[in-house]
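Fold and geometry: a report
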Amino acid sequence: MKQRISALLAVLSICLLLTACGHDMNNVCGEVVDILEDTASGCPILIIQEGKRQKAVLLTESTYVFADSDDLASSWKAAPTTDVSVDAYRLYGKTSVTAGEKKISAYQADTIRITGYLVQNVVTLSDGTSLDAWKTSLFGTTYRLRDGTELLREDAPSGPENHFVADLESFDDLSEAAKPAVRQYYEEQGALYDLPSELEKAWAEYLENPETFSTHYVSQDTSPAASSERLMYFNTNVTLPVSGDICQDYSLCAAFDRSTGENIPLADLFTCPEAKIAQNLLNLAEKAGSIPNEPEAKHEMLTAFRMEYLSFWSDYVMLSFPAGTLPSQEYTCLVSVDYTAGLSDILQPWAIPQPRTE
């Protein structure tokens with residue numbers, strides 16, 4: 001969403017102005033590991049852990065606190081807790097304060113941004129194990145055990161309005177009438193993976209060997225891929241774990257009328273019957289030398305082909321056969337066909353993307 005991009009740009013600007021978190025004495029970014037009370041003023045003293053160092057920051061009435069949610073910001077300022085991560089910047093007024101019998105050097109903070117927080121017991125696995133979630137503004141959600149062990153990190157699905165690719169037209173180049181329709185299409189599409197199932201897989205792998213376990217990772221992003229005078233293409237890239245830190249990507253392409261936002265089925269972009277699309281594409285790829293020189297592999301591709309394996313890019317059409325779909329191939333197999341390799345014979349003229357701007 002636009003707000004997500006704006007928040008990201010704001011944070012990047014802050015970091016640039018302050019040089020970088022962890023290297024500027026005027027700011028600190030880290031997890032709140034303890035909260036004390038200044039005996040004299042009654043103000044909370046936040047003990048913030050940043051790497052190997054700790055800094056004490058006074059939370060005063062004048063400290064501006066913000067977060068993705070206004071309710072979270074106001075409730076936390078009224079009753080601060082640990083299990084949050086913060087950016088405290090524009091520190092000033094270093095002073096000695098007393099908390100109980102402790103003397104502490106503390107700063108005041110002009111602004112504190114809550115960048116992450118813990119939510120307990122958000123998921124219960126099939127064997128009754130409860131997982132907590134560490135939710136962040138920029139880096140998604142991490143699901144973890146009560147002892148802090150991270151099982152899986154999820155970058156929540158992100159729509160086409162959040163991504164821009166150099167030299168390509170983007171969501172902003174759609175007509176105002178088309179934007180709501182395209183946005184609704186992706187909202188209804190939702191996540192293309194089963195999060196509960198992925199959490200169960202991560203937990204099973206952890207139980208197998210906790211010492212060698214690596215956090216699993218899933219993500220889904222939709223970004224512009226190509227455009228013609230009539231159409232705009234977006235590809236949704238999904239990343240899923242295979243084992244440990246080994247992941248596999250796959251893409252799902254969609255074409256939209258850039259004036260109305262109508263989703264155009266990929267089969268309608270071809271002049272040949274749908275049953276002939278794979279054969280024609282593979283023939284062109286074979287002629288161009290971009291297909292494995294193995295008759296068995298080509299036969300397997302024709303048998304395994306599905307329209308969702310097809311994606312449009314600025315310079316070529318791609319066939320992606322995920323690992324496991326072709327018996328003779330161990331890994332994902334990609335076959336590309338350039339638009340200059342005869343695609344104009346089987347594609348509607350209005351479906352061929354315009355060349356990228358150099």
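In what follows, the structure referred to is the one given above.
Quick caveat: nothing in here was measured; it's all calculated off a predicted structure.

**Here we look at the packing of aromatic side chains**
What the rule picks out here adds up to 12 aromatic pairs. Consider the rings of Tyr-64 and Phe-66, whose centres lie 5.6 Å apart with planes at 15°: the pair is stacked. Ring centres of Trp-203 and Tyr-206 lie 5.6 Å apart, and the angle between their planes is 15°; on these two criteria the pair is classed as stacked. Of this pair, Trp-203 and Tyr-206 both sit in helix α4 (residues 195-208), separated by three residues, roughly a single helical turn. Of the two residues examined, Trp-203 and Tyr-206, each falls in the buried class. Taken together, the ring pairs connect Tyr-185, Tyr-186, Phe-234 and Phe-256 into an aromatic cluster. Sitting over the face of the ring of Tyr-107, Lys-55 holds its NZ or CZ atom 5.0 Å from the ring centroid. Across from the ring centre of Trp-350, 4.0 Å away, lies the NZ or CZ of Arg-230, which sits over that ring.

**Comments concerning the nonpolar core**
Counting residues in hydrophobic clusters, the biggest one holds 38 residues, and the most contacted among them are Tyr-233, Leu-269, Phe-270 and Phe-312. If you list the elements that add at least two residues to this core, you get β10 (216-227), β11 (231-243), β12 (246-257), α5 (274-288), α6 (295-304), β14 (310-312), β15 (316-321) and β16 (333-338). The leading source of residues in this core is α5, at six residues. In contact with Tyr-233, not counting residues within four places along its chain, are Ser-223, Pro-224, Ala-225, Ala-226, Ser-227, Cys-253, Ala-254, Ala-255, Leu-269, Phe-312, Ala-351 and Pro-353. In terms of nonpolar packing, the next biggest core, distinct from the first, is built from 18 residues, Val-32, Trp-76, Ala-88 and Ile-114 among them.

**A closer look at the pattern of salt bridges**
Here the structure, examined in full by the defined rule, presents 12 salt bridges. The partner of Asp-110 in a salt bridge is Arg-90, and the shortest N-O contact between them spans 3.4 Å. With Asp-110 in strand β6 (residues 102-124) and Arg-90 in strand β5 (residues 84-99), this pair connects stretches of sequence that are 20 residues apart. Using a relative accessible area of 45% as the deciding quantity, one classes Arg-90 as partly exposed.

Reading guide: rules and limits
- Residues numbered from 1 in each chain as written.
- Predicted model: local features only at pLDDT ≥ 70, side-chain atom pairs only at ≥ 80, totals over all residues.
- Heavy atoms only, no water.
- Phe/Tyr/Trp six-rings, centres within 6.5 Å; stacked < 30°, edge-to-face > 60°.
- Helix = DSSP H or I, 4+ residues; strand = E, 2+ residues; numbered from the N terminus.
- Buried < 20%, exposed > 50% of the residue type's maximum accessible area, 1.4 Å probe, protein only.
- Lys NZ or Arg CZ within 6 Å of the ring centre and 35° of its normal.
- Core = buried A, V, L, I, M, F, W, Y, C linked by side-chain atoms within 4.5 Å.
- Contact = heavy atoms within 4.5 Å.
- Salt bridge = Lys/Arg side-chain N within 4 Å of Asp/Glu carboxyl O.

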